[in-house]
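# Structural features, examined
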Amino acid sequence: SSGINAEYGIASICMECYEEGATRLMLTKIPYFKEIIISSFKCEHCHNTNNSVQPASSYGEKGVRYILTVTDMADLNRQVIKSETATIMVPEVELEIPRESQKGSSSTIEGFLTKTRDSILEKQDERREVQPELADQLDSFIKRLNTLLQVDTPFTFILEDPTGNSFLENPNAPKPDPLLKTEHYTRSVEDEDLLGITAIRDENKENDDVTEVTAVTQNEHTEVMTFEAMCNACGKEAKCNMKEVSIPFFKNILLMLTSAITAAARTAR
């Protein structure tokens, strides 16, 4: 039992109303990519919802860059897995969705473009009152986005991720796609500093013995996943570490540890 597509539920604090909600977690495999963890939160009190996607593996050895020429409406339906470290670019309209502007997410090309357009539209009425010139400029940009969504002319969709944990669907897989170019590149020093790789490498050099032990005891199929949570003891932001553990002669379980430094408290499930 690999645990693929198995759902797990945990009680979580809603960040909107601070009542108890529920988070559903599912480990799933994306064909021709890798395993990911899909997280879905729902609060029955205020109806707040939140969805995110995280890779169920460590960083790749190299970064990845997908360059797709979108030629028709079918291309807009290609699946995209964007990690929080990835950047989306459409050079034709000078659009850039920067890294860490949102949590890891899964959608289609159309979905990402539509969400960008709608997020701009959401505040347009307010801008017309206080910044009319900016509102006019954004109206023009929204029209350009709508043109993209109609695919009146081909355009370029670029997905770049220094961790290698993002994905753009090739509907012809395992055969090559003439419209999609995939490049694997060596991360820059700036990328490794941003991702914390440099600090980890320096720490490992100082403690080779610990590194050797970790390498032996680490589950080769899953890594420890870390995501934001809320401490039940003090209500402060906390870190939740999660790892799938295989129990011999039993089944796979999710081991979770929530830690908040301010409260000096830890909760394990």
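Presented here is a report on the structure given in the accompanying data block. As the structure is a prediction and not an experimental result, all values here were calculated from the model.

### Structural notes on the environment of Tyr18
Relative to the helices and strands, Tyr18 resides in the loop between strand 1 (7-13) and strand 2 (20-29). Here Tyr18 falls in the exposed class, since its relative accessible area comes to 52%. Note: C-alpha distance between Tyr18 and His45 (27 residues apart in sequence) is 9.4 Å.

### Digging into the sheet that holds strand 11 (residues 167-168)
Strand pairing in a sheet relies on backbone hydrogen bonds. The paired strands run either parallel or antiparallel. Spatially, 9-6-11 is the arrangement adopted by the 3 strands of the open sheet, whose pairing is antiparallel. The sheet is open, and its two edges are formed by strand 9 (105-108) and strand 11, each paired on a single side. Direction of pairing for strand 6 (residues 79-82) relative to strand 11: antiparallel, over a ladder of 2 bridges. From the neighbouring strand, Ile81 faces strand 11, where its bridge partner is Phe167. Strands in contact with helix 2 (residues 109-121) are strand 6, strand 9 and strand 11; relative to strand 9, the strand with the most contacts, it is inclined by about 105°.

### Some details on the nonpolar core
Core analysis: the largest hydrophobic core is formed by 33 residues, its most contacted members being Ile109, Phe157 and Leu168. Sorting elements by how many residues they give to this core places helix 4 (residues 132-150) first, with 6 residues. Setting aside residues no more than four positions away along its own chain, Phe157 makes contact with Tyr66, Ile67, Leu68, Val70, Val80, Ile88, Met89, Val90, Ile109 and Leu168. Counting 7 residues, the second-largest nonpolar core is a separate cluster that includes Ile37, Cys240, Met242 and Met256.

### Details of the pattern of salt bridges
According to the stated counting rule, one finds 8 salt bridges in the structure shown. Between Asp75 and Arg78 there is a salt bridge, and its shortest N-O distance comes to 3.2 Å. Side by side, Asp75 and Arg78 carry an identical accessibility label, which is buried. In this structure, Asp177 engages Arg78 in a salt bridge whose closest nitrogen and oxygen atoms are separated by 2.5 Å. With Asp177 in the loop between strand 11 and strand 12 (180-185) and Arg78 in the loop between helix 1 (73-76) and strand 6, the pair connects residues that are 99 residues apart, well separated along the chain.

### Description of helix 2
Its 13 residues give helix 2 an end-to-end C-alpha distance of 19 Å, which sits within 8% of 18 Å, the value for a rise of 1.5 Å per residue. Of all the positions in helix 2, only Ile109, Phe112, Leu113, Thr114, Thr116, Arg117 and Ile120 are classed as buried.

### Some words on a negative patch on the surface
Side chains of Glu122, Asp125, Glu126 and Glu129 sit close together on the surface and give a patch of like negative charge. Relative to the assigned elements, Asp125 resides in helix 3 (residues 124-130). Asp125 gets classed as exposed once you look at its relative accessible area, which sits at 59%.

### Structural notes on the sheet that holds strand 5 (residues 63-70)
The strand order across the open sheet formed by 5 strands is 8-7-10-5-12, and the pairing between neighbours is antiparallel. In this open sheet, the two strands that pair with only one neighbour each are strand 8 (95-97) and strand 12. When the angles between neighbouring strand axes are averaged without regard to direction, this sheet yields 15°. When strand 7 (residues 87-90) meets strand 10 (residues 155-161), the two strands line up antiparallel, connected through 3 bridges. Bridge pairing in strand 10 places Thr87 opposite Glu160. On top of the sheet, helix 2 reaches strand 5, strand 7, strand 8 and strand 10; it is set at about 100° to strand 8, its chief contact.

### Description of helix 4
The first and last C-alpha atoms of helix 4 sit 27 Å apart over 19 residues, in line with the 27 Å expected at 1.5 Å per residue. Ala135, Leu138, Phe141, Ile142, Leu145, Leu148 and Leu149 are the residues of helix 4 that are buried. Take helix 4 and look down its axis: the buried residues cluster within an arc of 120°, on one side only. Exposed residues on helix 4 whose side chains face more than 90 degrees from its buried face are Glu133, Asp136, Gln137, Lys143 and Gln150. Buried residues along helix 4 sit in contact with helix 1, strand 7, strand 8, helix 2, helix 3 and strand 10. Positioned one or two residues after helix 4, Val151 has a phi angle of 50°, which is positive.

Each value, and the rule that gives it
Residues numbered from 1 in each chain as written. Predicted model: local features only at pLDDT ≥ 70, side-chain atom pairs only at ≥ 80, totals over all residues. Heavy atoms only, no water. Helix = DSSP H or I, 4+ residues; strand = E, 2+ residues; numbered from the N terminus. Buried < 20%, exposed > 50% of the residue type's maximum accessible area, 1.4 Å probe, protein only. Pairing = 2+ DSSP bridges. Contact = heavy atoms within 4.5 Å. Axes fitted to C-alpha atoms, helices over the stretch in contact; angles between N-to-C directions. Core = buried A, V, L, I, M, F, W, Y, C linked by side-chain atoms within 4.5 Å. Salt bridge = Lys/Arg side-chain N within 4 Å of Asp/Glu carboxyl O. Expected span 1.5 Å × (residues − 1). Patch = residues over 30% accessible without salt bridge, like charges linked within 9 Å, V, L, I, M, F, W, Y side chains within 5 Å. Areas by Shrake-Rupley, 256 points an atom, 1.4 Å probe, with all protein chains shown as cover. Lys, Arg positive; Asp, Glu negative; His and termini not counted. Charge placed at Lys NZ, Arg CZ, Asp CG, Glu CD. Arc of directions from axis to C-beta.

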